[in-house]
Amino acid sequence: STFDFTSLKRARDAYVTKLNGIYERGLLNAGVEYIQGRAKFVDDTTVQVMSVDADDESKEIAAAPTPIRTLTAEHIIIATGGRPLMPDGDGIREHCI
């Protein structure tokens, strides 16, 4: 029996996508407004969305960007997610999940 890393990665990616969909649908069904993007808190009840392109890791948010949207609410849920930091090296990107 051999280990198939590509199949493992594909299955893991599909599982994460499925979970993200479950969480998003649950929030939407609960009446939560779902906004994807990069944002910052202005104060305890205000968030400024600076970019809607959350998946583009190559774009940096400028020191004083123009907000796309400013939101104020008594309760704000922040789902930060995460991305790995890939070091340089042969085979790193091909063999990391």
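Residues numbered from 1 in each chain as written. Predicted model: local features only at pLDDT ≥ 70, side-chain atom pairs only at ≥ 80, totals over all residues. Heavy atoms only, no water.

Draft legend 1. Focus on the packing of aromatic side chains. Overall, the coordinates contain one aromatic pair when judged by the stated rule. On the numbers, 6.4 Å between centres and 55° between planes, the contact of F3 with F5 is tilted. Judged by its relative accessible area of 62%, F3 is exposed. On the basis of relative accessible area, F5 is assigned to the partly exposed category, the value being 21%. (Phe/Tyr/Trp six-rings, centres within 6.5 Å; stacked < 30°, edge-to-face > 60°. Buried < 20%, exposed > 50% of the residue type's maximum accessible area, 1.4 Å probe, protein only.)

Draft legend 2. Examining helix α1 (residues 5-29) more closely. Taking 1.5 Å of rise per residue, the 25 residues of α1 would be expected to cover 36 Å, and the 36 Å separating its terminal C-alpha atoms lies within 8% of that figure. Between the side-chain oxygen at the start of α1 and the backbone nitrogen of T6 there is a gap of 3.2 Å, and the oxygen is on D4. Backbone geometry just after α1 places G31 at a positive phi near 85°. (Helix = DSSP H or I, 4+ residues; strand = E, 2+ residues; numbered from the N terminus. Expected span 1.5 Å × (residues − 1). Polar contact = N/O pair within 3.5 Å; in protein donor to acceptor, adjacent residues only side chain to side chain.)

Draft legend 3. Quick look at the side chain of T46. With respect to the helices and strands, the residue T46 is situated in strand β2 (residues 46-51). Looking at T46, its side chain comes within polar contact range of the side chain of T72, at 3.4 Å.

Draft legend 4. Highlighting the confidence of the model for the protein. Mean pLDDT over the protein: 81, with 84% of residues reaching 70 or higher. Across the protein, α1 holds the top mean pLDDT of 92, while β2 sits lowest at 85. Considering only residues more than four positions removed or in separate chains, one finds that residues 54-62, a stretch of pLDDT under 50, has 13 contacts. (pLDDT = per-residue confidence, 0-100. Contact = heavy atoms within 4.5 Å.)

Draft legend 5. Summary view of the environment of T45. Inspection of the secondary structure assignment puts T45 in the loop between β1 (38-43) and β2. What makes T45 partly exposed here is its relative accessible area of 31%. As for T45 and A73, which are separated by 28 residues in sequence, their C-alpha atoms are 5.4 Å apart. The contact partners of T45, leaving out residues within four places of it in the chain, are L71, T72, A73 and I76.

Draft legend 6. Structural detail: a nonpolar patch on the surface. Taken together, the side chains of F3, L8 and I97 make up a nonpolar region of the molecular surface, amounting to roughly 310 Å² of accessible area. With respect to the helices, strands and loops of the structure, L8 is situated in helix α1. (Patch = residues over 30% accessible without salt bridge, like charges linked within 9 Å, V, L, I, M, F, W, Y side chains within 5 Å. Areas by Shrake-Rupley, 256 points an atom, 1.4 Å probe, with all protein chains shown as cover. Salt bridge = Lys/Arg side-chain N within 4 Å of Asp/Glu carboxyl O.)

Draft legend 7. Looking closely at the pattern of salt bridges. Under the definition given, this model contains three salt bridges. The residue D13 makes a salt bridge to K9 at a minimum N-O spacing of 2.9 Å. In this pair, D13 and K9 are both assigned in helix α1, four residues apart and thus about one turn of the helix distant. A relative accessible area of 28% means that K9 is categorised as partly exposed. Note that D13 is salt-bridged to R12, the shortest N-O span being 2.9 Å.

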